[in-house]
Amino acid sequence: MNAMNTLRNTLLLCLCLVLASKAKADSPQWHGNDHFKVIHQEGMVRVAMNKMSWESFSVNIKDLASAKGIISFEVKTSQPIRLQIDGFTADKTQVHLWNAEVSGDDFQPLFYNLSSSAFSIDHLIFYVNPGEAYQGEVYFKGLGGSTSVEGEGATRSQLISLFPNPAREVVNIGLPNENFDQLSIYDVLGRLVLEQAIIGANQVVNLQGRRAGVYLIKARSRSHNAVLTTRLTVQ
């Protein structure tokens, strides 16, 4: 049954329609059947759906800054859901990336280190409440043309620099300019563990008391509508 569902999803993805004809030319293309409707709004994408249990939708990320590195975005729903996200490669290989519980209260950050995969991911495939029919809406920030994918395809001027990394007690954070005004750090489950206002292009963050593991650092510039992300390892 699982093999049949995978084959069905693959066929749907290959035969899918481009839903957002009004999207900008440089925006990622969203795909799905007529049970999904993509609406591009100011600063985000809204996906309205009345789907069957096995249906999914996807977004093309191959034209973003990099198909490897770290991809990050934020998601919010009209009601709590289970969200499964898989990757789809150019040679039609489907790779499971992660599962998330989305509460629906506010935008929740998600990130994944694509360079940990042996495959180059062309599409992200979204399953909302997999195995169940669902009617509702999912909102995305950062997957509408301004997605930040840091790593192999980005230039040095676009990156957050960290020293040391891995770090133990403190980490020095260097930003490309002084336009950024907020710094946030999330754990691998997408939980906010630190948020602070920043002034200037260089910051020192105290890591004492943080558990060992991988964290996502996100720097925002509200005035320039920009977000940069990178990954920090705490030992």
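Data block above holds the structure.
Residues numbered from 1 in each chain as written. Predicted model: local features only at pLDDT ≥ 70, side-chain atom pairs only at ≥ 80, totals over all residues. Heavy atoms only, no water.

Peer 1: What is the right way to read the nonpolar core from this model?
Peer 2: Across soluble globular proteins, nonpolar side chains show a tendency to be buried alongside one another. The biggest cluster of nonpolar side chains holds 28 residues, and the ones touching the most others in it are Trp30, Leu124, Phe126 and Phe140. If you list the elements that add at least two residues to this core, you get strand 3 (36-41), strand 4 (44-51), strand 5 (57-60), strand 6 (70-77), strand 7 (81-89), strand 8 (94-102), strand 10 (121-128) and strand 11 (134-141). (Core = buried A, V, L, I, M, F, W, Y, C linked by side-chain atoms within 4.5 Å. Buried < 20%, exposed > 50% of the residue type's maximum accessible area, 1.4 Å probe, protein only. Helix = DSSP H or I, 4+ residues; strand = E, 2+ residues; numbered from the N terminus.)

Peer 1: Please clarify how the packing of aromatic side chains should be interpreted in this entry.
Peer 2: Two descriptors summarise a pair of aromatic rings, namely the distance from one centre to the other and the angle between the planes of the rings. According to the stated counting rule, one finds seven aromatic pairs in the structure shown. Taken together, a centroid distance of 6.2 Å and an interplanar angle of 75° make the contact between Phe57 and Phe140 edge-to-face. Of this pair, Phe57 sits in strand 5 while Phe140 sits in strand 11, and the two are 83 residues apart along the sequence. Take Phe57 and Phe140: they sit in the same class, and that class is buried. With a centroid separation of 5.0 Å and an interplanar angle of 55°, the aromatic rings of Phe126 and Phe140 are classed as tilted. Remark: Phe140 occurs in strand 11 and Phe126 occurs in strand 10; sequence separation between them is 14 residues. Assigned by exposure class, Phe126 and Phe140 land together as buried. (Phe/Tyr/Trp six-rings, centres within 6.5 Å; stacked < 30°, edge-to-face > 60°.)

Peer 1: Would you mind going over the environment of Gln196 with me for this structure?
Peer 2: Checked against the element boundaries, Gln196 lands in strand 16 (residues 192-197). A relative accessible area of 26% places Gln196 in the partly exposed class. Separated by eleven residues in sequence, Gln196 and Ile185 place their C-alpha atoms 9.2 Å apart.

Peer 1: Explain the pairing of strand 18 (residues 213-221) here, please?
Peer 2: Sheet faces and side chains relate simply in a regular strand, where the side chains alternate between the two faces. In terms of burial, strand 18 is a largely internal element, seven of the nine residues being buried. As paired strands, strand 15 (residues 182-186) and strand 18 are joined by five bridges and run antiparallel to one another. Residue pairing for strand 18: Leu183 is matched across the bridge by Ala219. Pairing of strand 18 with strand 19 (residues 226-234), which is carried by nine bridges, proceeds in the antiparallel orientation. Looking across to strand 19, one finds that Val214 is bridged to Thr233. (Pairing = 2+ DSSP bridges.)

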